[in-house]
Amino acid sequence: MSRALRLAKPAVFAVSLLPLVWVAWLAVAGGLGANPIEALNRFLGDWALRFLLVALAVTPVRRLTGWAAVGRLRRMLGLFAFFYAVLHVSSYVGLDQFFDWQAIGKDILKRHYITVGMAALTLLVPLAATSTQSMIRRVGGRNWRRLHRAVYVITPLAVVHFWMMVKADHSRPLVYGVVAALLLAVRLPRFLGPAGRT
Amino acid sequence: MLLRHAVDIRESEITDRALYLDRRRFLTLAAGAAGLALAPRPVQAGPLAGYRKRAMTVDDKPTSFEAITTYNNFYEFGTDKSDPSKYAPGVFVTKPWSVAVDGECGKPGTVAFEDLIRPVPLEERIYRHRCVEAWSMVIPWVGVPLAPVLKRFEPGSRAKYVRFTTLLDPKRMPGQSRPILDWPYREGLRIDEAMHPLTFLAVGLYGQDLLPQNGAPLRLVVPWKYGFKSIKSIVRISFVEKQPTTTWMEAGPDEYGFYSNVNPHVDHPRWSQATERRIGEFFRRKTLMFNGYGDQVASLYQGMDLRANF
């Protein structure tokens, strides 16, 4: 591990926790507005999606800059995406619905944006679960890479979830959608090219 | 039944209404005179006087003034619920204001806002307010019942519906510069809904003039329907023969119907309508049929399939 990376890892970890610290402070200070549960839920969802995109940006950035070490941050950023996604869903289950499992079940079946969001989270679980060195070894590098390509489906699902949730003003999900599309598009040449894998 | 009519109102509570109207008139004239020298400035809310307090109320505790005035949808000022309170007060000039009344009526015309409400005594009504997004509030409105306001224009036999239109002015309503909805915002009621004694034209809340973010200077309040039916900052009222198409019906025909009565049994594609979050409360509440006003309004819909006519 290079020296820069040894410093970068804890720094990125600390920075990645800042949104959580910020929203916790807002909650305590009463800064979440008239509907704090909704505000908290939206905030956590936004950050889950942002971390997904940041994690997806790691490989293109590594290729562009040639800075190999940045690739070593990918796992942590991906796990933060999972972390915020779990908090996002937890705030829906525990605060918004207060563990009303019947209502939650109906929501997942009938509210399509929730169906899509839950699918995205479910697909994230095996990725998070196979993120340790020992799991990578057990799954095998090749299978592991194949499995983790699921993020190319998860990210669009997350954007679609946001898009469907919005009533009329799609400008924000559109921004996320464009960024996600670019991050996926830059992978296409390699994916389709003679190298055949990313 | 949760509705109560106030019976004993002390004489002292009924402040001189002429004083209130004179004050408004003075402000209008002053604003007009000032306008010669200065650009019009956004209105500051002033206290309202001369209204009958608690003419109707509910047992629920009113939502805080802070929440009512900082958390609401008014896409003319932005699509976040904090946008209207952030942006409306700085740009939304509401004086002078007039309302055009036209269509199937004997006496159409354009009337100054003050003259439109003047003939009807002001009263306070504390109503439940249920948003289609499954949150709710309890709001102490001040205003006048709509029916006597409409009758003055002598709606004819072909006036089967009433269409309401919000101001169209992207300078004063910056959100209208983006095509989020097909501006101006339009809403409608069946004539018997419009004439129903619960249907209200609000000009104030918590004893003050309506703030720009809440639909100043006058807005509709239809407490048994989802909040978006209660159109804000009205400039036109039209008596029409055919059911008008509303802005939200155009934006999402599968999601928003003409009636949009609060109904816990008919889900919206995005939100279960069985429960709601009352702003300021942690646990969700069960949503009441017609928002708890069924005793008064259910008869309007007798024999109608409320699932088909959502």
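Residues numbered from 1 in each chain as written. Chains lettered and ligands numbered in written order. Predicted model: local features only at pLDDT ≥ 70, side-chain atom pairs only at ≥ 80, totals over all residues. Heavy atoms only, no water.

**Let's talk about the overall build of chain B**
Working step 1: Scanning chain B from N- to C-terminus turns up 8 helices and 14 strands.
Working step 2: The 310 residues of chain B split such that 57% are buried.
Working step 3: Considering only contacts in chain B between residues 6 or more positions apart, those separated by 24 or more positions represent 74%.
Working step 4: For chain B, the accessible surface area stands at approximately 13200 Å², while carbon and sulfur atoms represent 55% of it. (Helix = DSSP H or I, 4+ residues; strand = E, 2+ residues; numbered from the N terminus. Buried < 20%, exposed > 50% of the residue type's maximum accessible area, 1.4 Å probe, protein only. Contact = heavy atoms within 4.5 Å. Areas by Shrake-Rupley, 256 points an atom, 1.4 Å probe, with all protein chains shown as cover.)

**Structural notes on the sheet that holds strand 4 (residues 109–112) of chain B**
Within a sheet, adjacent strands bond to each other through the backbone by hydrogen bonds, running parallel or antiparallel.
Residues and elements named next belong to chain B.
Working step 1: Strand order in the open sheet formed by 5 strands is 4-3-12-7-8, with mixed pairing between adjacent strands. Looking at which strands have only one partner, the edges of the open sheet turn out to be strand 4 and strand 8 (186–190). Along the sheet, successive strands turn relative to each other by an average axial angle of 20 degrees, direction set aside.
Working step 2: The pairing of strand 3 (residues 98–103) with strand 12 (residues 234–240) spans 4 bridges and is classified as parallel. Bridge assignment links G103 to a residue of strand 12, and that residue is F239. (Pairing = 2+ DSSP bridges. Axes fitted to C-alpha atoms, helices over the stretch in contact; angles between N-to-C directions.)

**Here we look at the environment of V144(B)**
Residue and element names in this part refer to chain B.
Working step 1: In this structure, V144 sits in strand 6 (residues 135–145).
Working step 2: Measuring from C-alpha to C-alpha, the distance between V144 and L211 comes to 17 Å, with 67 residues separating the pair along the chain.
Working step 3: In contact with V144, not counting residues within four places along its chain, are I117, V120, P121, L122, V149, F200 and L201.

**Digging into the layout of surface pockets**
Residue and element names in this part refer to chain A.
Working step 1: Taken as a whole, the second largest pocket spans an internal volume of roughly 830 Å³.
Working step 2: As for the second largest pocket, its lining consists of 29 residues, of which G71, R74, R75, W144 and H148 are closest to the centre.
Working step 3: Listed by contribution, the elements that provide at least two residues to the lining of the second largest pocket are helix 2 (36–65), helix 3 (74–96), helix 5 (112–129), helix 6 (133–139), helix 7 (141–148) and helix 8 (151–165).
Working step 4: The residue makeup of the lining of the second largest pocket, split by class, is 13 nonpolar, 7 polar and 9 charged. (1 Å grid on protein atoms, 1.4 Å probe; cavity = no way out; pocket = protein on both sides within 12 Å on 5 of 7 lines; lining within 4 Å. Points joined across faces, edges and corners; volume = space filled by probe spheres on them. Nonpolar A, V, L, I, M, F, W, Y, C, P; charged D, E, K, R; others polar.)

**Here's the deal with the interface of chain A and chain B**
Working step 1: Listed per partner, the contact involves 21 residues of chain A and 27 residues of chain B.
Working step 2: Taking both sides of the interface into account, the surface hidden between chain A and chain B amounts to around 1900 Å²; carbon and sulfur atoms contribute 47%.
Working step 3: Considering only the surface of chain A that becomes buried against chain B, A34(A), R111(A) and K167(A) emerge as the three largest contributors, covering 35% of it.
Working step 4: The interface formed by chain A and chain B contains 8 salt bridges.
Working step 5: Between K81(B) and E38(A) there is a salt bridge, and its shortest N-O distance comes to 3.7 Å.
Working step 6: Linking chain A with chain B are 16 residue pairs in polar contact (both at pLDDT 80 or more).
Working step 7: Mapped by element, the contributors of at least two residues to the side of chain A that touches chain B are helix 2, helix 3, helix 4 (101–110), helix 8 and helix 9 (171–185) of chain A.
Working step 8: Ranked by the residues each element gives to the side of chain A that touches chain B, the list is headed by helix 3 of chain A, at 3 residues.
Working step 9: Within the side of chain A that touches chain B, the residues separate by chemical class into 9 nonpolar, 4 polar and 8 charged. (Buried area = accessible area lost by both parts, 1.4 Å probe. Salt bridge = Lys/Arg side-chain N within 4 Å of Asp/Glu carboxyl O. Polar contact = N/O pair within 3.5 Å; in protein donor to acceptor, adjacent residues only side chain to side chain.)

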